[in-house]
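Each chain, letter by letter, is given below.
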Amino acid sequence: MAGAADPAVVRIEIDETYYRHFTGAGLQFAIADAGLEPVFVRSMADLPFALRVYPQAPLFINLLGNDYTPTDKILWLNNHAGGFAQKQVALLLKRQHETLVPELLLLDHFLTVVDNVCVVQLHETLLQLVVNQNRPHGDTATIERGRLTQMEKSILRLLLQGADIRRVSQLLAINYKTAQGHKMSAVRKLGFRNSAQLYKNLNGFRALAC
């Protein structure tokens, strides 16, 4: 099943709480009101099969779901980033991670939806996924990116996986002080006051209930 036969939205996980209502918006209402025909995927493990069956369907990915940690999902998406070159993707995440998450992902294009978005904005995002479905991704209105250098992003991704900055410097084969400098540059660009605030956000992201 491909092309016109694809459904409008394929979602990672069927989480009834977030499907019916998440803080500030009704996902079920927005999907129904938009006239979409979503296919629900119960877990990350089932996603590859859904992507084979519906190769063109856009994805609405829940980073607040209940099977894998948000960190695992970010790593999975990064490992499969090459397969999303022509696919529209939207991510549901907490507002406090809205700045951090885009810098952790290797995806070239995606939309974000925060957990307290109003239903009108959610409706517009879902429609944008469908409207942009067959457009080249360079023409889509997606999140602004590129504020961090590739080295800064690499350091953040390793920190997300639990490495400390000394281990990061070893893995990237750079001087410890150089790694510290890149980390502090990322801290400033992301609007954090200090390293402690960065680590608090990374740890909070890893510790989200799943």
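In this text the structure is predicted, and so the values were computed from the model without any measurement.

Draft legend 1. The arrangement of the overall build of the protein chain in detail. Looking only at helices and strands, one finds ten helices and five strands in the protein chain. When burial is assessed residue by residue, the protein chain has 49% of its 210 residues classed as buried. Within the protein chain, contacts between residues at least 6 apart in sequence are counted, and of these 72% link residues at least 24 apart. Counting every atom, the protein chain has about 10000 Å² of accessible surface; 51% of that belongs to carbon and sulfur.

Draft legend 2. Quick peek at the packing of aromatic side chains. On inspection of all chains with the given rule, the structure shows zero aromatic pairs. Positioned above the aromatic ring of Y176 is the side chain of R166, whose terminal nitrogen or guanidinium carbon lies 4.0 Å from the ring centre.

Draft legend 3. Geometry of the packing of helix α7 (residues 150-160) against helix α9 (residues 176-189). α9 packs onto α7 with a crossing angle of 95 degrees between their chain directions and a minimal axis gap of 9 Å. With respect to each other, α7 and α9 are oriented roughly perpendicular. For the pair α7 and α9, contact is made by M151, E152, I155 and L159 and by A179, H182, K183, S185, A186 and K189, respectively. When the residues that make up the contact of α7 with α9 are grouped by side-chain class, the tally is five nonpolar, two polar and three charged.

Draft legend 4. Here's a closer look at the pattern of salt bridges. Counted by the stated rule, this structure contains four salt bridges. When the shortest N-O distance is used, the salt bridge between D115 and K94 registers 3.8 Å. A residue pair is termed long-range when its members are at least 10 positions apart, and D115 in the loop between β5 (111-114) and α6 (119-131) and K94 in the loop between β4 (89-93) and α5 (100-104) qualify at 21 residues. Take D115: its relative accessible area is 15%, and that puts it in the buried class. On the basis of relative accessibility, which here comes to 22%, the residue K94 falls in the partly exposed class. As a salt-bridge pair, E103 and K153 come within 3.7 Å of each other at their nearest N and O atoms. Remark: K153 occurs in helix α7 and E103 occurs in helix α5; sequence separation between them is 50 residues. This pair shows no difference in class: E103 is buried, exactly as K153 is.

Quick notes on the rules
- Residues numbered from 1 in each chain as written.
- Predicted model: local features only at pLDDT ≥ 70, side-chain atom pairs only at ≥ 80, totals over all residues.
- Heavy atoms only, no water.
- Helix = DSSP H or I, 4+ residues; strand = E, 2+ residues; numbered from the N terminus.
- Buried < 20%, exposed > 50% of the residue type's maximum accessible area, 1.4 Å probe, protein only.
- Contact = heavy atoms within 4.5 Å.
- Areas by Shrake-Rupley, 256 points an atom, 1.4 Å probe, with all protein chains shown as cover.
- Phe/Tyr/Trp six-rings, centres within 6.5 Å; stacked < 30°, edge-to-face > 60°.
- Lys NZ or Arg CZ within 6 Å of the ring centre and 35° of its normal.
- Axes fitted to C-alpha atoms, helices over the stretch in contact; angles between N-to-C directions.
- Parallel < 35°, antiparallel > 145°, perpendicular 65-115°, else oblique.
- Nonpolar A, V, L, I, M, F, W, Y, C, P; charged D, E, K, R; others polar.
- Salt bridge = Lys/Arg side-chain N within 4 Å of Asp/Glu carboxyl O.

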